[in-house]
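# Observations on the three-dimensional arrangement
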Amino acid sequence: MATKAPATKTAAAPKAAKTATKTTATKTTAAKAAPAKAAPVKAAPAKAASVAVDKAAVEQFKASVLNHLRTTIGTSQEKASKLAWWQAVVASCNEEIFGLLTDTQKTHAKNDTRAVHYLSAEFLMGRLTVNNLTNLEKFEVAREALKELGLDINEVCEEEPDMALGNGGLGRLAACFMDSLATCNYPCVGYGIHYENGLFRQEIQSGKQFERPDSWREYGCPWEVCRPESVQNIPLGGYVETQTAPDGTKSSVWHPATVIKAVPWDIPVVGYRKSSVAILRLWESRAAESFNWDVFNAGGYVDAQAEKSLTETISKVLYPNDSTEAGKELRLTQQYFFCAASLRDILRRYNRTHHHDYSEFAKKIAIQLNDTHPTIAIPELMRLLIDEEGLSFDAAWDITSKSFNYTNHTLLPEALEKWPVYLFEKLLPRHLEIIYMINHNFLTGVVDKIWPGNNEMKAKLSVIEEGDCRKVRMANLCVITSGRVNGVAKIHSQLVKDDLFPEYAQIWKDKFCNVTNGVTPRRWLLSCNRGLAALYNEVSGKDWALNLDSCSKLKAYADKKEYQDRFMQIKYENKVALAKTIKELVGVDVDPNAMFDVQVKRLHEYKRQHLNLLYIMSLYRALLENPDMDIPSQVFIFGAKAAPAYTLAKDIIYAINAVADKVNNDLRIKGKLKVVFLPNYRVSLAEKIIPAADISEQISTAGYEASGTSNMKLSMNGALTLGTMDGANIEIVDFAGIENNFIFGLSVDEVKELKKHYNPWDYYNGNQELKAVIDWLDTDYFTPGQPGALSSIKNSLLNLGDPFLVLADFASYKEAHQRAQQMYKDKARWAKAAIINSATMGNFSSDRSIHDYARDIWNLKSQKI
Ligand code: 26V
């Protein structure tokens, strides 16, 4: 039967934020209310929070919001919608933010500081209001001010659309890095694309994913500022003319066919405690009007408009990670468009002080390529320096090769970008020439010297892949040019060096390095888990969000009942809040006392959501056989978007929903098992799910997940990792202890070995339970009247060879779950493990990652403002 959420005041209270303002006395009461062992936890009394905020600051904030409501938004307190209130809150924040921004920029200009320029096609910023208020140390003040105005801050902040300008891990990493760069006072600019539509909004209808446009700024985004004074004109297409000077020297002149206008939108990124304010500059494409006058004057009004809409299409939409070939041309245009605009911007700023003397360029400018997406920046910088600034090829190469660095984020062959040469000929003919030159110099000057006459080696290392359709290999161009190439977790960096680029590593043994990813503790702990943040304030002092290592102080209390109870009480309250969200979103009742098992990430076969699903099905079968089985109640929570053209990924979403529907409504299993697929997983939803998780599913086939970052967020919030020895999981359990997590499955080496002779049928035939659940997929049990609706999963696991070894890891995965269930029954043991996980994640603050980049890659100094 469906279990009801406890109808207490706490159960009804939205969000964990309430707990943050509790006094110590209240917390002790809460701790006393928490139960000792296995007994269901009672909800803590939701005492009115006594808030120690500065009264004068509250009055000031109130006055500012009311003033903006009237003078900026143009409405009144009586008429204002929640959206209007939110806009007024943002306007109030901006008063302070723009002052801080000016101070930051003045300091950097005065000192002519070296800066890093982070080029990324994706910045998954999410919502900014709570984060900015937190970083301005104004959250409590704002909450109180809004409360006095009769408003709930959480409800007001819910008005903000997510800035979903990224697909997943890579984009969110860029956003965390911006937060850390600003907080740690490193001079920087983030450059990207001002997509009109971010990653699609996912709707689930009858269990199936449908993609809808995400118009995040339909009603404007009050955080961004347009900077018309920094507009750039970007040439595209056309042909290259070779000119011969009287002295016989040849030069290339590019005659582009079109010019696109790049309009910059700046989003200030506020460092924690008003450290510095960084700028994220996103480029929007517009038609360069002047260019269409000819067509226009000739009476081609409609044609002129059509041309306009084509150029404006460039920043229209973010590409979902997709396996399709379609739309390639537009994607390459997007990449070139934002890189060209960013480089012109970099050069413009540099020349304000250096007046076209490029001898200092590499000293002042570091450029980081976030994956291969911005690789085209390499030939574009060469082109700008040669064609527009008059430098020689060698001088331009010297500067370019000292300025760029490249981060690799995946080993998946299908994700390594290769662009057909014909596309370059059509869109970027001059860049192609430059790429050929770079490649020629590399092959003759480097490869030939080490492997004389070895044409096979040349073909392998060349930037150009020969064949029917010649292609430009972007990763090769990155490695050849960059000063440093890094992977994003120790194991991944090792594989980048040993398996992906072994010959390059032989040529340049010091080029390759590792910087393990991190996540910002301001968003992923302080803002999203105010209950736990308050506990850290008490135990580690108020600076823990600047120095996450100091959270390790809580470890000393991991055995203490009082702290175990308090920690688990906070977790419980977060679970109550999530249970309420689940009810609102999908109408399913879940019991906050059940174990919350969470897998949130993009849907991909290598991430193996289907392994999780097969286990859930086996658990369901076991419960049907024995409904009184002695296991804790469990809620399996999924959040995942599938690339629109990735059919099997979509089938897996459908299967999860079909199983959920059946399981959640089966009275026979007495509510012991619930399955929830939360639609439209995004940053703001992650912030609600992660603080409530008991188990963090990190179950990729070893060797495939470069790092993972949800593993860090979940562990930080006290979830135990149930995962493989892959990506950053390895480093996480190194810090948190293997005994406090549930590690299973094949290792990277075992995967490599097994892949040589893998036959999934052996596992299918050798494990009756596994066979039964796989065969269940073929029936219409979960899809009544539609037998075969889930068969594509079975087909991939058996007939298509199970490329990600799901069947090979199944038994071990099940056994890991059994260990987790055992431990969960021992509340004290579980609490201890949860505390240790959270308290030992200091290494996974993105501040640490950024310090690593600054020291090992960018040679960048922090600048006090
Ligand atoms: C791209 C594509 C494009 C073609 C179809 C298949 C496919 C699959 C994956 C990708 C994503 C590549 C880049 C990426 O997002 N990597 C993620 O980067 C995170 C930040 O470093 C890291 O934590 C994740 O492990 C890694 O998958």
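For the structure given in this document, a descriptive report is provided here. (Residues numbered from 1 in each chain as written. Predicted model: local features only at pLDDT ≥ 70, side-chain atom pairs only at ≥ 80, totals over all residues. Heavy atoms only, no water.)

The helix and strand inventory of the protein chain stands at 36 helices and 25 strands. The C-alpha atoms of the protein chain give 28 Å as radius of gyration, which agrees with the globular expectation for 865 residues (29 Å, within 12%). Across its three principal directions, the C-alpha atoms of the protein chain cover 90 × 70 × 55 Å. Burial analysis of the protein chain (865 residues in total) assigns 60% to the buried set. For the protein chain, contacts bridging at least 24 residues in sequence account for 77% of all contacts bridging at least 6. In the structure as shown, the protein chain presents an accessible area of about 32,400 Å², 52% of it carried by carbon and sulfur atoms. With 103 positive and 102 negative side-chain charges, the protein chain shows a spacing of 6 Å between the two charge centroids. (Helix = DSSP H or I, 4+ residues; strand = E, 2+ residues; numbered from the N terminus. Rg over C-alpha atoms; globule rule 2.2 N^0.38 Å. Buried < 20%, exposed > 50% of the residue type's maximum accessible area, 1.4 Å probe, protein only. Contact = heavy atoms within 4.5 Å. Areas by Shrake-Rupley, 256 points an atom, 1.4 Å probe, with all protein chains shown as cover. Lys, Arg positive; Asp, Glu negative; His and termini not counted. Charge placed at Lys NZ, Arg CZ, Asp CG, Glu CD.)

Attention now moves to the pairing of strand β21 (residues 634–639). Taking burial as the measure, the 6 residues of β21 include 6 buried ones, the bulk of the element. Neither face of β21 is left uncovered, since the one carrying Q634, F636 and F638 and the one carrying V635, I637 and G639 both have all their residues buried. Relative to β21, strand β20 (residues 595–600) runs parallel, the two being bridged by 6 bridges. Bridged to D597 within β21 is F636. With helix α25 (residues 609–625) bridging β20 and the parallel β21, this β-α-β connection has right-handed handedness. In this structure, β21 lies alongside strand β22 (residues 673–677), joined through 5 bridges in parallel fashion. Each bridged residue has a counterpart across the sheet, and for V635 the counterpart in β22 is K674. (Pairing = 2+ DSSP bridges. Right-handed = clockwise from strand over helix to strand, strands pointing away.)

Another aspect to go through is the sheet that holds strand β23 (residues 695–698). The sheet built from 6 strands is open, its strands ordered β22-β21-β20-β23-β24-β25 with parallel pairing. Each end of this open sheet is capped by a strand with a single partner; those strands are β22 and β25 (742–743). As defined by bridge partners, β20 adjoins β23 across 2 bridges and the pair is classed as parallel. If you follow V598 over to β23, its bridge partner there is S696. Contacting β20, β21, β22 and β23, α25 runs over the sheet at an angle of about 155° to β21. (Axes fitted to C-alpha atoms, helices over the stretch in contact; angles between N-to-C directions.)

On to the nonpolar core. In this structure, F361, F424, V472, Y504 and W858 are the most contacted members of the largest nonpolar core, which totals 143 residues. Considering every element that reaches this core, the biggest residue donor is helix α12 (residues 328–354), with 11 residues. For V472, the residues in contact, after removing those within four places along its chain, are E417, K418, W419, V421, F424, L432, I435, V463 and I464. (Core = buried A, V, L, I, M, F, W, Y, C linked by side-chain atoms within 4.5 Å.)

Here 3 strands make up an open sheet; going across it, the order is β15-β17-β16 and the pairing antiparallel. Each end of this open sheet is capped by a strand with a single partner; those strands are β15 (418–420) and β16 (464–465). Sheet topology note: the β16/strand β17 (residues 471–473) ladder contains 2 bridges and is antiparallel. Each residue of the ladder has a partner; that of I464, found in β17, is V472.

With the rule as written, the count across this model stands at 31 aromatic pairs. Centre to centre, the rings of F442 and W508 are 5.8 Å apart; their planes meet at 25°, and the pair counts as stacked. Remark: W508 occurs in the loop between α21 (502–507) and β19 (512–514) and F442 occurs in helix α17 (residues 429–450); sequence separation between them is 66 residues. Given a relative accessible area of 3%, F442 falls into the buried group. Between Y504 and W508, the ring centres sit 6.1 Å apart and the planes meet at 5°, which makes this aromatic pair stacked. For Y504, a relative accessible area of 3% translates into the label buried. For W508, a relative accessible area of 23% translates into the label partly exposed. An aromatic cluster is defined as three or more aromatic residues linked by ring pairs; in this entry it consists of Y118, F123, F177, Y853 and W858. Looking at R217, its charged tip hangs above the ring of W216, at a distance of 5.8 Å from the centre. Positioned above the aromatic ring of W419, the side-chain terminus of K328 is 5.1 Å from the ring centre. (Phe/Tyr/Trp six-rings, centres within 6.5 Å; stacked < 30°, edge-to-face > 60°. Lys NZ or Arg CZ within 6 Å of the ring centre and 35° of its normal.)

With that out of the way, let us pick up the site of the ligand. With respect to spatial proximity, 19 residues lie near the ligand, and among them H409, N517, E705, S707 and G708 are the closest. S707 is positioned such that a nitrogen or oxygen atom in its backbone is 3.0 Å from an oxygen atom of the ligand. Separating an oxygen atom of the ligand from a backbone N or O atom of G708 is a distance of 2.8 Å. For the ligand, whose free accessible area comes to 590 Å², the fraction covered by protein is 87%. Residue composition of the shell around the ligand, by class: 7 nonpolar, 8 polar and 4 charged. (Near = heavy atom within 4 Å. Polar contact = N/O pair within 3.5 Å; in protein donor to acceptor, adjacent residues only side chain to side chain. Nonpolar A, V, L, I, M, F, W, Y, C, P; charged D, E, K, R; others polar.)

Take L578: it is sitting in helix α24 (residues 561–586). Measuring from C-alpha to C-alpha, the distance between L578 and F442 comes to 55 Å, with 136 residues separating the pair along the chain. Ignoring sequence-local partners within four residues, the contact set of L578 consists of F596, I637, K688, I689 and A692.

Glancing now at the packing of helix α32 (residues 768–776) against helix α34 (residues 806–825). Where α32 contacts α34, the two axes come as close as 11 Å, and the packing angle between them is 115°. Considered as vectors, α32 and α34 are oriented roughly perpendicular to each other. Note on packing geometry: the crossing formed by α32 with α34 is right-handed. Contact residues: E769, L770 and I774 in α32; L807, F810 and K814 in α34. For the contact of α32 with α34, the residue count by class is 4 nonpolar, no polar and 2 charged. (Parallel < 35°, antiparallel > 145°, perpendicular 65-115°, else oblique. Left-handed = near helix turned anticlockwise from the far one by under 90°.)

Attention shifts here to the environment of Q205. Along the chain, Q205 falls in strand β5 (residues 201–205). Exposure remark for Q205: the relative accessible area of 36% places this residue in the partly exposed category. Placed 166 residues apart in sequence, Q205 and D371 show a C-alpha to C-alpha distance of 34 Å. Beyond its immediate chain neighbours, meaning those up to four positions away, Q205 contacts F210 and R212.

For any two helices packed against each other, the geometry comes down to the angle between their axes and how far apart the axes lie. One way to put it is that helix α9 (residues 169–183) packs onto helix α36 (residues 846–858) with a least axis distance of 9 Å and a crossing angle of 75°. As judged from the angle between their axes, α9 and α36 are roughly perpendicular. Contacts from C176, F177, S180 and L181 in α9 reach S846, D847, S849, I850, Y853 and W858 in α36.

Our focus in this paragraph is the pattern of salt bridges. When the charged atoms of two side chains lie near each other, side chains of opposite charge can form a pair. The final tally for this structure, using the stated rule, is 64 salt bridges. For the salt bridge of R344 with E380, the shortest nitrogen-to-oxygen distance reads 3.9 Å. Of this pair, R344 sits in helix α12 while E380 sits in helix α14 (residues 377–388), and the two are 36 residues apart along the sequence. Both residues of the pair, R344 and E380, count as buried. Several salt bridges converge on common partners, so that one network encompasses R227, D266, R281, D345, R348 and R349. (Salt bridge = Lys/Arg side-chain N within 4 Å of Asp/Glu carboxyl O.)

From the geometry alone we can't say anything about function, so treat these as descriptive.
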